[in-house]
Amino acid sequence: MFSDKEEFKKEFQRRLEGNLGKSIDNATTYDTYRALSGLLQEKINKHWLKTNEEYRQSKTKQVYYFSMEFLMGRLLGNNLLNEKVLSVVEEGLADLNLSLSDIEEQESDAGLGNGGLGRLAACFLDSLASLELAGHGYGIRYKYGMFDQHIVDGKQVELPDHWLQDGFVWETRRPEEAVTVRFGGRVSSEKDKDGVLRFHYTDEEQILAVPYDVPVVGYSNETVNTLRLWSAEPTVSDTLQKAEREGEFGHFLHHKRSLERISEFLYPDDSNEEGKKLRLKQEYFLVSAGVQSIIRTFEALDLPWSEFPEKAALHINDTHPALVIPELMRILMDEKGVGWEEAWEITQSSVSYTNHTTLSEALESWPVGLVRSLLPRIFMIIDEINERFCQELWRTFPGDFNRIADLAIVADGQVKMAHLSIVGSHSVNGVAKLHTDILKEREMKRFYNTFPDRFNNKTNGITHRRWLMHANQKLASAVTDTIGDGWIEKPGELKRLLDHKEDASFLDRLHDIKQENKKDFSNWVKETQGIIVDPNSIFDVHIKRLHGYKRQLLNALHIMHLYNELKSDPTLDIVPRTFFFGAKAAPSYHFAKKVIQLINRIADVVNNDKAVNEYIKVVFLPNYSVSIAEKMIPASNVSEQISLATKEASGTGNMKFMMNGALTVGTMDGANVEIHDLVGDDNIYIFGLRSDEVWDYYHNGSYSAKAMYNQDERIRNTLDELLHYSPFSKGERDFQEIYDALLTHNDEYFVLKDFASYLLAQKKVSQDYQKTRLWNAKSLVNIAQSGVFSSDRTIQEYARDIWGIQRVTSLK
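What you see as residue numbers is a count from 1 along each chain, following the sequence as written. At least 70 in pLDDT is required for a residue's local features to be given in this predicted model, at least 80 for side-chain atom pairs to be given and counted, and no such filter applies to totals for whole chains, interfaces and linings, which use all residues. Hydrogens and water are ignored here; the side-chain numbers use all heavy atoms of the structure.

Engineer: Help me understand the sheet that holds strand 13 (residues 365-367) in this model?
Structural biologist: Through backbone hydrogen bonds, the strands of a sheet pair up, either in parallel or in antiparallel fashion. With antiparallel pairing, three strands are arranged side by side in an open sheet as 13-15-14. At either end of the open sheet lies a strand with only one pairing partner, and these are strand 13 and strand 14 (410-411). A pair of strands counts as paired when DSSP detects no fewer than two bridges linking them. Helix numbers and strand numbers start at the N terminus; a helix is a DSSP run of H or I with at least 4 residues, a strand a run of E with at least 2. Where strand 13 meets strand 15 (residues 414-416), three bridges bridge the pair, whose relative direction is antiparallel. Among the inter-strand pairings, Pro367 is bridged to a residue of strand 15, identified as Gln414.

Engineer: What exactly am I supposed to notice about the nonpolar core here?
Structural biologist: Definition used in this section: a nonpolar core is a set of buried Ala, Val, Leu, Ile, Met, Phe, Trp, Tyr and Cys residues joined via side-chain atoms within 4.5 Å. The buried label applies to any residue whose accessible area, calculated with a 1.4 Å probe on protein chains only, is under 20% of its type's maximum; exposed applies above 50%, and partly exposed to all values in between. In terms of nonpolar packing, the biggest core is built from 192 residues, with Leu36, Phe66, Phe285, Phe308, Leu314, Phe580 and Trp803 touching the most fellow members. Ranked by the residues each element gives to this core, the list is headed by helix 9 (residues 273-299), at eleven residues. Other than its neighbours up to four places away in sequence, Phe308 contacts Ile294, Ile295, Phe298, Leu314, Leu328, Ile346 and Ser350. Among the nonpolar cores identified, the runner-up in size contains 69 residues, and Ile559, Met560, Phe620 and Tyr703 belong to it. Whether two residues are in contact is decided by their heavy atoms, any of which lying within 4.5 Å being enough.

Engineer: Got a minute to help me understand unusual backbone geometry in this structure?
Structural biologist: Leave glycine aside and you will find that most residues have negative phi; peptide bonds, for their part, are mostly trans. Of note in this structure, Asn97 is not a glycine but carries a positive phi near 60°. In this structure, Asn97 sits in the loop between helix 4 (86-95) and helix 5 (100-104). The class of Asn97 is exposed, set by a relative accessible area of 73%. Positive phi, normally seen in glycine, also occurs at Tyr267, with a value near 50°. Here Tyr267 lies in the loop between helix 8 (251-260) and helix 9. On the basis of relative accessible area, Tyr267 is assigned to the buried category, the value being 17%.

Engineer: It is not clear to me how a nonpolar patch on the surface should be interpreted in this structure. Could you clarify?
Structural biologist: Taken together, Val152, Val157 and Leu159 make up a surface patch of nonpolar side chains, about 210 Å² in accessible area. As for its placement among the helices and strands, Leu159 is situated in strand 4 (residues 155-159). We classify Leu159 as partly exposed; its relative accessible area is 39%. Each patch is built from residues that are more than 30% exposed by relative accessible area and take part in no salt bridge. Like charges join if they lie within 9 Å; nonpolar side chains (Val, Leu, Ile, Met, Phe, Trp, Tyr) join within 5 Å. Exposure was quantified through the Shrake-Rupley algorithm and a 1.4 Å probe, taking into account, for residues, occlusion by the shown protein chains and nothing else. Within this document, salt bridges are pairs made up of a side-chain nitrogen of Lys or Arg and a carboxyl oxygen of Asp or Glu, the two lying within 4 Å of each other.

In short, geometric facts, not functional conclusions.
Okay, structure coming up:
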C-alpha cells in the first residue's frame, strides 16, 4: 500500500479527504487517528484474508486460546511496528506537522482485561502471530470493561469504562457467524429408532453470541491471526416468546437487558447469588460460543471426528473457561452422534490447561444447585465425568477413600473447576518453576501423583516488541547500535550486551536514556496529575492489581516509616525517591480499597509537607492501564515485586521492568526466583521469607504478628499512626480494618515479619543508586538477561510440548 514516506503522505491525505471529508488543515487529532488506523487496516486486512485462506487450504492445526481477559492495550503503535512501517509513518506525519504520539493518545485502551492474566494472553497472541503459528484468542467483548477508576477524597470510585463510546476501529462484526447459547430450562431424553439417546430442551433461555473479530498482526511477516470477541445479544423470537408466556410484553425490554448484561462487565461482583449466576453465565457463554465456532471450522474440513485433536487445540487460561470440557462433550455426543468413549478421548486429547494460582479462593468452584439449574445438560455431563473418574480412581487405588474425596470433581455440594480442568485435559502447566513445584509437591500433589506425565512448567513471558521495541524506542535503538538487530528475531541474543558491562560509553548512554525517559514521564505526570516530581530522584514503581498477597501495604508502611525518620531527623542523609503506585481493587474487596485510601492519604501528607517533599514524594496514578505502563516502565529505576513467597504464580511485570533496565526489589516468589538465578545476588535486591519458611509457619502456626509489634519499635510506631492521632489517621479510624488485619487477625501475608528485611533492602538500593556507574552496570545485566523471558520462548515451548503445532511458513 505504501513503501516510503512520500507514498504514505499521499495515501494518508487521500484517506483523510475521501473517507472523512477533511483536509490536513481542518482535521482534528481524532480525525487523523481514524484516517491512519483505517489506512493501516486496509494493509492488515489483505494479510488477514490471506492467512485465513491459507489455514483453510492447508488444513493446518490451529490453537484456540480461551481467556476471560485479553489486556491488549492500544493497537495502533503496535500494529505499525509489526507491519514495519512505524518509522515511515512517524516521519511522514512529521512532514505534515502531525505527531504520531499525539495521534496514538486518541485510542482508548481496550477494556478487555484487568491484570496479569489478560496481559499474558495478549503477549501470547502477539508471539503466536510473530512466530507464524496458527493461534487465536477467544474472549468476551465487554461493553464497559472492568471499571474506570477515579480517586475521590482518596478513595476508589468505580464508574463504567466507556471504551467503546467512539467505536473500536480494529474490530469487524460478523453476524453471519453468530451462534445460539442456551441457559436453564429442562432437559429430557429418549432413545431414537436406532437406540441412540437423544436430549431435548424445553423452556430454555436462548441468547445470540455475535463474534467481533480483531486482527492480531505478526512482526515482519504476513501472518494475521484473530482475536474473536463474543457479544451477547437477545434472539428476538426467544425474547418475544418469553414475554408472551408471561402475558406481559412490557417485560420485553427487561428480558433483553438481562441478557445483554452477560457481556457488559468483566468480573461482575459475585458476592451475592445474582452475581454468581451472572459470572457463571459469562463463563459458559464464552466457551459455548467458542466451541461451536471451532466445531464449525472443523466440519468444513470434511474429516472424521477422530482427527479433531490433530486439527484443533483448545487451551484453558485458568479455570474460568473450564466448561470447554463438558461443552465439547455435549456437542460431540448430542449433536454429532459421537459415543461417550470416543468423545472423551477427543476432548482430553484436544484440551490443555494453565493454572495461574495457588490461592484457594481463586480456584473456582460453583454450587451444584446453581450449575444444575443454569446449565442442566452440562451438569449431567460433569456428573458423569466425575462418576467415571471416581470409578477409575477406585480401580487404580482400591480402598483409598481419601484420595477419591480429595480429587472428586463434584464434592461437598460444589463443582470444582480446577479438578474438572485437570481431569479433562492432557496437559496441566504452571507458569514459573517455583509455582509448578508448589503445584506438584503441595497444592495438587495427589493429582500429580495420579497424572505425573500431565504436569509441566511453562514460565511466563512478555512480548519484547511492545515492551521494549515500542515502549522504549531509545533503548531499543541503543541495543541495536551495540549488538546488531539479531535480538529482535532472537531475543536471547540480548545476552551479548554482557560483553559491554565495562564499556563506559555504553553505560553512560543507558543512563542518559533512562534520564530522558524519566523527564518525559515527569512531564506527563505534571500534565495529567498536576504533581511535580524530580526526575533525578529514584523512580520506585509498584504497579499491580491490588491484593493483600501482593503487599502494596508493606510498601506503604515503609514510606510511613521513612517519613517519620525524616521528621525526627531533618538532617538525615537520604537519596530522593519518588514512589509510584498504580492499582485497581475489585469493587467488593474492601481491604484492598482501604489500602488504596491509605496510599492516597500518605501521598497527601508527604507531598504537602515542605520539610520532606524534596526527599520523598508519593504518586498514585488512577485507572492504571497498559498505555500508562508503557510510559512508566521505561522510566523506572526500581521494580517492586514484593509478594509473599509462595503466593505469586509468576508475575510478568517483573519481566517488563527487567527488560527496561529497572532493578528488582523482591521476594523469592514466582518468576523472581528465575530472574535471581539469571542476574545473580549482586543485581537484584532479595528480601523476606523463603517459600519453605512460609510453609513452616503455616504448618506449625508459630507466627505471631503481635510479637513483631512488641519487639520492633519501628513497626509499633508505624502501626500506631493508623489509629492514634497522626498526620495519617487525622484522629479518625479510617484504617481500623488494616490495623486489625495485621494484629487482630495475625497478618495473613506476613507483612510485619518481612518489614525489617524490606527496610534493609531499600537502604541497599539507596546506597547503590548513588554509585552511578555501578547502578548502570546492574541495569545492563538485567536487560541482557531478560531475553529468556520473551513470550516467543514461552510460546515455542507451548507449541512444541503441548499443542503440537508448526510454523506456517507458506504465508511469506
